[in-house]
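Chain by chain, the residues run as shown.
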Amino acid sequence: ATGDAALTAQLYDLVVHPRVQGFGIGRKLVHMLVRQLQSKGIYDVGTVCPGTLEPFFRRCQFTDDPEQSTFMAYPRMTTSRSSVFTTSR
């Protein structure tokens, strides 16, 4: 992820080898990254991805970004596991 080291972060690339896709590795990596960012006080986490990856990020709790500032965003709520996202279409 890249960001301003204070308020926001963007996830641009996540790659899991095709032979081991479908085992939850990508989802675990996303959740680990989000937890690390939140532990640093960064709750505005977004992603930019092709529309074909939208289902994956929705499974990772990303939803449409209500502010439409990024394609997909993880919610700022610290007590909920729901999320926010938007994809490039």
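Keep in mind that this is a model prediction, so the values were computed, not measured.

Enquirer: Got a minute to help me understand the packing of aromatic side chains in this structure?
Expert: Two aromatic rings are characterised by how far apart their centres lie and by the angle between their planes. Counted under the stated rule, the structure contains 2 aromatic pairs. Note on Phe-56 and Phe-57: the rings are 5.0 Å apart at their centroids and 80 degrees apart in plane angle, and the pair reads as edge-to-face. For the pair shown, Phe-56 and Phe-57 are each scored as buried. Note on Phe-57 and Phe-62: the rings are 5.5 Å apart at their centroids and 80 degrees apart in plane angle, and the pair reads as edge-to-face. Take Phe-57 and Phe-62: they sit in the same class, and that class is buried. In textbook terms, an aromatic cluster arises when at least three aromatic residues are bridged by ring pairs, as seen for Phe-56, Phe-57 and Phe-62.

Reading the values: rules and limits
Residues numbered from 1 in each chain as written. Predicted model: local features only at pLDDT ≥ 70, side-chain atom pairs only at ≥ 80, totals over all residues. Heavy atoms only, no water. Phe/Tyr/Trp six-rings, centres within 6.5 Å; stacked < 30°, edge-to-face > 60°. Buried < 20%, exposed > 50% of the residue type's maximum accessible area, 1.4 Å probe, protein only.

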